[in-house]
Amino acid sequence: AVFNFGEGAARRWRDWWIANASVARDEAGRYTVFRVGPRLRGEPPPPVWPGLDEARLAGVEGRLAPLEAAGATPAAMAPLAEEFVRIGEETGSPAAWLRAGLVRLAAGNERGAEEALRRAERAGAREARLHTALGNLAGRRGRLAEARDRFARALAADPDDGVARGNLALVEGMLRARGRPRGP
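All values reported here derive from a predicted model rather than from experimental measurement.

Trainee: It is not clear to me how the nonpolar core should be interpreted in this structure. Could you clarify?
Mentor: Proteins that are soluble and globular tend to have nonpolar side chains buried together. Counting residues in each nonpolar core, the largest one holds 27 residues, and the members touching the most others are F84, L117 and L130. For this core, the elements supplying multiple residues, two or more each, are α2 (52–69), α3 (74–91), α4 (94–106), α5 (110–123) and α6 (128–140). Counting residues per element, this core draws most heavily on α4, at eight residues. Leave out the neighbours within four places in its chain, and L117 touches W97, L98, G101, L102, L130, A133, L134 and L137.

Trainee: Sorry, what's going on with the packing of α4 against α5 here?
Mentor: Each pair of packed helices can be described by the angle between their axes along with the distance between the axes. Between α4 and α5, the least distance of the axes is 7 Å, while the angle of their chain directions is 160°. Taken together, the axes of α4 and α5 are roughly antiparallel relative to one another. Like other packed secondary-structure pairs, α4 and α5 cross with a definite hand, here left-handed. Each of P94, W97, L98, A100, G101, L102, R104 and L105 in α4 lies in contact with α5, whose residues at this interface are E110, G112, A113, E115, A116, L117, R119, A120 and A123.

Trainee: What's the story with helix α7 (residues 144–157) in this structure? I'm lost.
Mentor: Taking 1.5 Å of rise per residue, 14 residues should cover 20 Å, and α7 covers 20 Å from first to last C-alpha, within 8% of that figure. For α7, the complete set of buried residues consists of L144, A147, R150, F151, A154 and L155. Down the axis of α7, the buried side of the element spans an arc of 140°, and every buried residue falls inside it. Those residues of α7 hidden inside the fold are in contact with α5, α6 and α8 (162–179).

Trainee: Mind showing me how you'd approach the pattern of salt bridges here?
Mentor: As a working rule, side chains carrying opposite charge can pair if their charged atoms are close by. Applying the stated criterion to the full structure yields 14 salt bridges. Between R118 and E114 there is a salt bridge, with its nearest N and O atoms 2.8 Å apart. You can see R118 and its partner E114 sitting in helix α5, four residues apart, about one turn around the helix. Residue classification places R118 among the partly exposed positions, given a relative accessible area of 25%. Notably, a salt bridge pairs R153 with E121, separated by 3.3 Å at the nearest N-O pair. With R153 in helix α7 and E121 in helix α5, this residue pair connects regions lying 32 residues apart in the sequence. With a relative accessible area of 22%, E121 lands in the partly exposed category. When salt bridges that share partners are traced, they join E114, R118, R141, R143 and E146 into one network.

Rules used in this analysis
- Residues numbered from 1 in each chain as written.
- Predicted model: local features only at pLDDT ≥ 70, side-chain atom pairs only at ≥ 80, totals over all residues.
- Heavy atoms only, no water.
- Core = buried A, V, L, I, M, F, W, Y, C linked by side-chain atoms within 4.5 Å.
- Buried < 20%, exposed > 50% of the residue type's maximum accessible area, 1.4 Å probe, protein only.
- Helix = DSSP H or I, 4+ residues; strand = E, 2+ residues; numbered from the N terminus.
- Contact = heavy atoms within 4.5 Å.
- Axes fitted to C-alpha atoms, helices over the stretch in contact; angles between N-to-C directions.
- Parallel < 35°, antiparallel > 145°, perpendicular 65-115°, else oblique.
- Left-handed = near helix turned anticlockwise from the far one by under 90°.
- Expected span 1.5 Å × (residues − 1).
- Arc of directions from axis to C-beta.
- Salt bridge = Lys/Arg side-chain N within 4 Å of Asp/Glu carboxyl O.

Next comes the structure, spelled out in structure tokens:
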């Protein structure tokens, strides 16, 4: 583990972090700068909890990385997705729910992926990859307007997200084609 928090210390740290920190600047999920002090009314809680997320997720990430690099089968990745779900349920961590959704998606569990991704969003996740994944799911289900919105939100979070940019262009083309009369 990166940090060694006992359960009581982890709970106190999470509660303090939620009450006293807010995102000052988010650089597309690569790094986040926080403002420490009481959160303003209506300001969302931070999407990550430094120290806690690293400690809770590191073991699962360490087992997942070689599988992803090797192009593992969905069946090999599915149990690790459920470990992220367990961590999300135990801690409410936006990062755990996001990883659960992304791994479930890679494992082919689209319904479970969408559920976990929406829980990540409700918990405070705002990264581009969250919106890109939800946009992909919406597009696969024919919800093109929702997909377009998600890809635009991904680009707002990370203007360098080439996948979101390409998918946005594709979806916009499909929406334009839907509005045109068909054939002669």
